[in-house]
Protein chains: 2
Amino acid sequence: MDYNLTPWEAKGNFDYERIIKDFGISRIDAKLLNRIEVAAKKKGLPLHHMLRRGIFFAHRDIGWFLDEFGKGNDVFLYTGRGPSGKVHLGHLVPLLFTKYLQDLFGAELYLQFTDDEKFLFKKELSLEDVRKYTEDNILDTMAIGFDLKKTKIIIDTKHAGLLYPEAIRVAKKITFSTVKASFGFDNETNIGSIFFTAMQAVPAFLPSVLKKRNIPCLIPHAVDQDPHFRVTRDILPKLGYYKPASIQCMFLPSLLGVESESKMSSSIDNGIYLSDDEKAVRKKINKYAFSGGQATVDEHRKKGGNPEVDIPYIWLTFFEEDDNKLKKIHDDYKSGKLLSGEIKKIIADKLVFILNEIKERKEKLRHKLKEIMGSLDKSF
Amino acid sequence: MDYNLTPWEAKGNFDYERIIKDFGISRIDAKLLNRIEVAAKKKGLPLHHMLRRGIFFAHRDIGWFLDEFGKGNDVFLYTGRGPSGKVHLGHLVPLLFTKYLQDLFGAELYLQFTDDEKFLFKKELSLEDVRKYTEDNILDTMAIGFDLKKTKIIIDTKHAGLLYPEAIRVAKKITFSTVKASFGFDNETNIGSIFFTAMQAVPAFLPSVLKKRNIPCLIPHAVDQDPHFRVTRDILPKLGYYKPASIQCMFLPSLLGVESESKMSSSIDNGIYLSDDEKAVRKKINKYAFSGGQATVDEHRKKGGNPEVDIPYIWLTFFEEDDNKLKKIHDDYKSGKLLSGEIKKIIADKLVFILNEIKERKEKLRHKLKEIMGSLDKSF
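Cut-off values and rules
- Residues numbered from 1 in each chain as written.
- Chains lettered and ligands numbered in written order.
- Predicted model: local features only at pLDDT ≥ 70, side-chain atom pairs only at ≥ 80, totals over all residues.
- Heavy atoms only, no water.
- Helix = DSSP H or I, 4+ residues; strand = E, 2+ residues; numbered from the N terminus.
- Rg over C-alpha atoms; globule rule 2.2 N^0.38 Å.
- Contact = heavy atoms within 4.5 Å.
- Areas by Shrake-Rupley, 256 points an atom, 1.4 Å probe, with all protein chains shown as cover.
- Lys, Arg positive; Asp, Glu negative; His and termini not counted.
- Charge placed at Lys NZ, Arg CZ, Asp CG, Glu CD.
- Buried < 20%, exposed > 50% of the residue type's maximum accessible area, 1.4 Å probe, protein only.
- Axes fitted to C-alpha atoms, helices over the stretch in contact; angles between N-to-C directions.
- Parallel < 35°, antiparallel > 145°, perpendicular 65-115°, else oblique.
- Nonpolar A, V, L, I, M, F, W, Y, C, P; charged D, E, K, R; others polar.
- Buried area = accessible area lost by both parts, 1.4 Å probe.
- Salt bridge = Lys/Arg side-chain N within 4 Å of Asp/Glu carboxyl O.
- Domains from an automatic or database assignment.
- Polar contact = N/O pair within 3.5 Å; in protein donor to acceptor, adjacent residues only side chain to side chain.
- pLDDT = per-residue confidence, 0-100.
- Least-squares fit on C-alpha atoms with pLDDT ≥ 70 in both.
- Phe/Tyr/Trp six-rings, centres within 6.5 Å; stacked < 30°, edge-to-face > 60°.
- Left-handed = near helix turned anticlockwise from the far one by under 90°.
- Pairing = 2+ DSSP bridges.

A. How the structure looks around the overall build of chain A. Within chain A, the secondary structure is distributed over 18 helices and 9 strands. Radius of gyration (C-alpha) of chain A: 21 Å, near the 21 Å computed for a compact globule of 380 residues. If you line up chain A on its principal axes, its C-alpha atoms span 65 × 50 × 45 Å. For chain A, restricting intrachain contacts to residue pairs at least 6 apart in sequence, the fraction spanning at least 24 positions comes to 78%. About 15800 Å² of surface is accessible on chain A, with carbon and sulfur atoms providing 51% of the total. Where the 61 positive side-chain charges of chain A centre and where its 53 negative ones centre are 3 Å apart.

Structure follows, in structure tokens:
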């Protein structure tokens, strides 16, 4: 089966081997994992489970970025979030990993909220709708645990005074042909959407502009955003900046199963949101999670379950850090010792735990929202 | 002969009758002139000579704008300047007329300096080049005599924080097809240029945004800018704003003659700049001005000159306010009484007078530059 994968559409069967080839990204190999592990160990951190399990599976120029970091040079991280709705578990995956990278590199993080993008690409959304989501999304995101002192929030429409003059430097070097090929645009695409990739390019060199020196950048992101950064990497050297390095993750599959809708989407009811309470989380998992178990308990005990298609198990590979625990769950499920209802409870417990932590932090951050939203303004 | 007329290219033989038809603008008729004259008289102003002589020759919805003004409703003016070089006489034509309109309507004027446009459309210009021209262009423009208290300077990159969030509302409603047809763009056009018309649309409703009520707008401009405002007029009602009215002027022909380069261009040596001193003005006119006179004095006395192709005479129709004076010059030149050298001296004297006034005012404004550049920031 074929796939269609752009920053605004993810449909089909994602063969990540083929995506690596089509996108021209590189698989993260054992040697690279080892280099990251060595760097992590110095900070008392393990190799992240999303790296160990190949969820972050590909990259561009991470080797160079590690070289620069290894020389003691200043580096920074950049990632983003399109605030078109509430934050859900799918968004959490790259953000949790970004938090790990911030700890590992002790680096500044530039977090871009592309309110302009969501307004321009979603017909039904007004700018006012998007702005309402933006503030709540910022709180949810910061509640993941980013270092308040080292994280700068960029909101495209709020910071347009800073972004637009830099975006036009990028835009001057990108033709319609390029965005047509990179994003599948056509003559009916609106001119704001056509321009937008230039706005998304700016945070990859904004710290270099503000600090007046060239600073290496690493962009952790879900693989659907790669077309933007492919264009960005082409242009930045022409403006005298480094090509940003990047590291890509797979999508968290939908509750409905790996073969249904392969990228969790805010527009589907059965998504799990950071704002969901314990009851909602458990209900959604029990009701919707595609199971690899057998039809009856007897049959399950006899034949065992299939963890490869079981959403509770697959989700545990994303969210359960402990390899031993995960292996036991895998083996017990496969042997039939662990029932479908039981594995659903395990993932639900884990998610409730993670979401409760985030919710607690969010409440503590709420009164700091203004300060957080102004974090970039203090930088220049 | 055919013509090519967009905001970035003006080539060929301008048959203004045909432009009226092609662009879908309306000729300013006697009834409309009378309405403007009546309104002007109330302010002790004559009907402007550029209206009397059909230099401002066409419009869109001026009748509606006069209705609104007549009801005592608040109205405003909007015009602009692309700071890609020094200000020359060609630019002066719509600006002098705009000053008249500001006096007539007692209205606020929003003056947009499109530094982003000039950077995006001129391959050889850096943003730094454009910024250098911008400050000097602002002084030259304000020195024409605009009311400091009622004139707001918009600089696209400086005010992007205000403009971009409004521009994307416009941009969402414009497709690539539309700008392709309106401006002759193709697949090799850069994405900043594609987006730009949305930035040029914003001042036509910005006062309505800032003051939270719908305010009628009139845009005086050279006819090459009409494609922008045609698009703007299509979109603004969809955002809940009035269609701006507009009034269009012909181009000041080049010194080299009406059939050479029909729009004075900053890129040509023989242009006359606001910064030119008396000696330079007289030298350029004597050296380059295409003459409708005869080859020898004797022949000129006998056959007379041809004012219709004589650039000094044509320029006097733009810059000499006094109809009687102009008629006498016309008749004397045609009869052979007035020699080519003499009519050259008349236009040179007039221009030196106008430019000296502007230069004097410019020097007085120089220390107010910061205040002038910040005029918009005080409005919100």
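Structure shown, so let's carry the discussion forward.
B. Quick look at unusual backbone geometry. All names here are of chain A. Phi angles above zero are rare outside glycine, and Asp-61 is one such case at about 60°. By the element assignment, Asp-61 lies in the loop between strand E4 (56–60) and helix H4 (62–70). For Asp-61, a relative accessible area of 32% translates into the label partly exposed.

C. Quick peek at the packing of helix H10 (residues 191–201) of chain B against helix H12 (residues 226–235) of chain B. All names here are of chain B. Where H10 contacts H12, the two axes come as close as 9 Å, and the packing angle between them is 70°. Considering the angle they form, H10 stands roughly perpendicular to H12. Within the contact between the two elements, H10 uses Phe-196, Thr-197, Gln-200 and Ala-201 and H12 uses His-228, Phe-229 and Thr-232. Here the residues of the contact of H10 with H12 sort into 3 nonpolar, 4 polar and no charged.

D. Representation of the interface of chain A and chain B within the structure. Taken together, the contacts link 36 residues of chain A with 36 residues of chain B. Between chain A and chain B, the buried area comes to about 3000 Å², and carbon and sulfur atoms account for 64% of it. Summed over the three residues of chain A that lose the most area to chain B, namely Tyr-164, Lys-172 and Ile-191 of chain A, the buried surface amounts to 26% of that side. Along the contact surface separating chain A from chain B lie 2 salt bridges. A salt bridge links Arg-169 of chain A to Glu-128 of chain B; the nearest nitrogen and oxygen atoms lie 3.1 Å apart. Listed by contribution, the elements that provide at least two residues to the side of chain A that touches chain B are helix H6 (115–121), helix H7 (127–142), helix H8 (160–171), helix H9 (176–183) and helix H10 (191–201) of chain A.

E. Local environment of the domain arrangement of chain A. All names here are of chain A. Assigned domains within chain A: domain 1 (3–255) and domain 2 (278–362). Once you take the C-alpha centre of each, domain 1 and domain 2 turn out to be 30 Å apart. If you look at the interface, domain 1 gives 21 residues, while domain 2 gives 23 residues. Three residues stand out in domain 1 for area buried against domain 2, namely Arg-53, Leu-89 and Leu-255, and they jointly supply 37% of the buried area on that side. Our enumeration of links across domain 1 and domain 2 arrives at 4 salt bridges. With a closest N to O distance of 2.8 Å, Asp-323 and Arg-52 form a salt bridge. In this assembly, domain 1 and domain 2 are joined by 13 residue pairs in polar contact (both at pLDDT 80 or more). Of all the secondary-structure elements, those providing two or more residues to the side of domain 1 that touches domain 2 are helix H3 (49–52), helix H5 (89–105) and H7. Looking at the side of domain 1 that touches domain 2, the element that brings in the most residues is H5, giving 4 residues. In terms of residue class, the side of domain 1 that touches domain 2 is made up of 14 nonpolar, 3 polar and 4 charged.

F. Local environment of the pattern of salt bridges. Residue and element names in this part refer to chain A. Using the criterion set out here, one finds 54 salt bridges over all chains in the structure. Between Arg-233 and Asp-61 there is a salt bridge; the shortest N-O distance is 3.1 Å. Highlighted residues: Arg-233 in helix H12 (residues 226–235) and Asp-61 in the loop between E4 and H4, separated in sequence by 172 residues. Residue Asp-140 pairs with Lys-362 through a salt bridge whose shortest N-O separation is 3.1 Å. Placement of Asp-140 in helix H7 and of Lys-362 in helix H17 (residues 340–365) is noted, with a sequence separation of 222 residues between them. For Lys-362, a relative accessible area of 7% corresponds to the buried category. Taken together, the shared-partner salt bridges connect Glu-278, Arg-282, Lys-345 and Asp-349 into one network.

G. Examining helix H8 (residues 160–171) of chain B more closely. H8 of chain B sits mainly inside the fold: 11 of its 12 residues count as buried. Regarding H8 of chain B, the residues found buried are Ala-160, Leu-162, Leu-163, Tyr-164, Pro-165, Glu-166, Ala-167, Ile-168, Arg-169, Val-170 and Ala-171 of chain B.

H. View of the confidence of the model for chain A. With 96% of its residues at a pLDDT of 70 or more, chain A has an overall mean of 94. Among the scores for the predicted complex, ipTM is 0.94 and pTM is 0.95.

I. Quick look at the relation of the copies chain A and chain B. Superposition of chain A onto chain B requires a rotation of 180° combined with a translation of 0.0 Å along the rotation axis, giving an RMSD of 0.0 Å. Here the two chains are linked by the operation of a two-fold rotation axis. Taking the C-alpha atom as reference, chain A places Gly-161 of chain A closest to the rotation axis, 1.9 Å from it. A share of 100% of interface residues in chain A that are also interface residues in chain B marks the association as one of identical surfaces.

J. Layout of the packing of aromatic side chains. Under the definition given, this model contains 43 aromatic pairs over all chains. With 5.7 Å between their ring centres and 85° between their planes, Tyr-78 of chain A and Phe-229 of chain A make a pair best called edge-to-face. Linking Tyr-78 of chain A in strand E5 (residues 76–81) with Phe-229 of chain A in helix H12, this pair joins segments that are 151 residues apart in sequence. This pair shows no difference in class: Tyr-78 of chain A is buried, exactly as Phe-229 of chain A is. Residues Trp-64 of chain B and Tyr-242 of chain B carry aromatic rings whose centres are separated by 5.2 Å and whose planes lie at 65° to one another, so their mutual orientation is edge-to-face. Pair noted here: Trp-64 of chain B is in helix H4 (residues 62–70) and Tyr-242 of chain B is in the loop between H12 and strand E9 (245–249), with a separation of 178 residues, a long-range link.

K. Highlighting the packing of helix H9 (residues 176–183) of chain B against H12 of chain B. All names here are of chain B. Following both chains from N to C, one finds H9 and H12 inclined at 150°, their axes separated by 9 Å at the closest point. In this structure, H9 meets H12 at a crossing whose hand is right-handed. For the pair H9 and H12, contact is made by Thr-178, Ser-182 and Phe-183 and by Pro-227, His-228 and Val-231, respectively. Its residues assigned to classes, the contact of H9 with H12 comprises 3 nonpolar, 3 polar and no charged.

L. Summary view of the side chain of Ser-340 of chain A. Residue and element names in this part refer to chain A. Structurally, Ser-340 is set in helix H17. Polar contacts involving the side chain of Ser-340 include one to the side chain of Ser-291, which spans 3.0 Å. In this structure the side chain of Ser-340 is engaged in a polar contact, spanning 3.3 Å, whose partner is the side chain of Tyr-333. Among all residues touching Ser-340, those that are not within four sequence positions of it are Ser-291, Gly-293, His-300 and Tyr-333.

M. Molecular detail of the sheet that holds E9 of chain B. All names here are of chain B. In spatial order, the strands read E3-E4-E9-E8-E5-E6-E7; together these 7 strands make up an open sheet with mixed pairing. Either end of the sheet is taken by a strand with one partner, and the two such strands are strand E3 (26–27) and strand E7 (151–155). Of the pairings in the sheet, the one linking strand E5 (residues 76–81) to strand E6 (residues 108–113) comprises 6 bridges and is parallel in character. Paired with Arg-81 across the bridge in E6 is Phe-113.

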